[in-house]
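Structural features, examined
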Amino acid sequence: MRADDEALIVACIPSLRRYARGLTGDRERADDLVQDTLERAWSRFSRWQRRGELRAWMFGIMHNQFIDGLRAQRRQADWQADAELAEIPVRATQADGLEVRDLDRCLQLLPPDLRAVILLVGVEEFSYREAALALDVPIGTVMSRLSRARERLGALLDGRPAAALIHRVK
């Protein structure tokens, strides 16, 4: 690995930390996720071979690490989806800090696939193509997930039940 390659990876760290914090909702878990992502990127750097964008490749690694962690948690504990959606916070208007806290809580209530796409496109300013590369899904899937994520997030912020947003397709 060349020094400029190392610099490219290091330059991604602030964005990776933001994305990890958004995915996990916890600073310590986010730091662990970033560390795992960097270790995997370093050990598999030769596989990248300059195909595509390094940033999207690293975010893809992080996304996969996060999903693998969720799957492991599900195997360890037999928890139900209803327990995840304990209480929907009411959006506070008296201070920006409370609004940010509420937004973070509502983001954590979104399913991981929706939360990931809204964080990549809305916070990290990925294009749909970059998000599709990072998540290893078609662009249409990114657009669909983003639409559903925005709709659910809006409902959660307005205090409407998220269950009312689930539409069954026949």
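See the structure shown above.
A short tour of the structure in this document, coming up. (Residues numbered from 1 in each chain as written. Predicted model: local features only at pLDDT ≥ 70, side-chain atom pairs only at ≥ 80, totals over all residues. Heavy atoms only, no water.)

This paragraph deals with helix α7 (residues 96–109). Between its terminal C-alpha atoms α7 stretches 20 Å, which fits the 20 Å expected from 14 residues at 1.5 Å a residue. All of the buried residues in α7 are D102, C106, L107 and L109. Taken end-on, α7 shows its buried residues confined to a sector of 150°, consistent with a single buried face. Exposed residues on α7 whose side chains face more than 90 degrees from its buried face are D96, G97 and V100. (Helix = DSSP H or I, 4+ residues; strand = E, 2+ residues; numbered from the N terminus. Expected span 1.5 Å × (residues − 1). Buried < 20%, exposed > 50% of the residue type's maximum accessible area, 1.4 Å probe, protein only. Arc of directions from axis to C-beta.)

All right, on to unusual backbone geometry then. What is expected of a backbone is that most residues other than glycine have negative phi and most peptide bonds are trans. Positive phi is not limited to glycine here, since E125 has a value of about 60°. With respect to the helices, strands and loops of the structure, E125 is situated in the loop between α8 (112–123) and α9 (128–135). The class of E125 is exposed, set by a relative accessible area of 68%.

A grouping of D26, E28, D32, D36 and E39 is seen on the molecular surface, where their side chains present a negatively charged patch. Within the secondary structure layout, D36 lies in helix α3 (residues 27–43). (Patch = residues over 30% accessible without salt bridge, like charges linked within 9 Å, V, L, I, M, F, W, Y side chains within 5 Å. Areas by Shrake-Rupley, 256 points an atom, 1.4 Å probe, with all protein chains shown as cover. Salt bridge = Lys/Arg side-chain N within 4 Å of Asp/Glu carboxyl O. Lys, Arg positive; Asp, Glu negative; His and termini not counted. Charge placed at Lys NZ, Arg CZ, Asp CG, Glu CD.)

Right, let's get into a nonpolar patch on the surface. There is a patch of nonpolar side chains on the surface, built from Y128, I139 and M143 and spanning about 260 Å² of accessible area. Structurally, the position occupied by Y128 is in helix α9.

Counting 43 residues, the largest nonpolar core has L16, Y19, L23, M58, M62, I118 and L120 as the members making the most contacts within it. Elements with a contribution of two residues or more to this core: α2 (13–24), α3, α4 (45–48), α5 (54–76), α7, α8, α9 and α10 (139–158). In terms of residue count, the dominant contributor to this core is α5 (eight residues). In this view, Y19 contacts F59, M62, H63, A116, L119, L120, E124 and L135; residues no more than four positions away in its chain are not counted. (Core = buried A, V, L, I, M, F, W, Y, C linked by side-chain atoms within 4.5 Å. Contact = heavy atoms within 4.5 Å.)

All we've got here are geometric facts, nothing functional implied.
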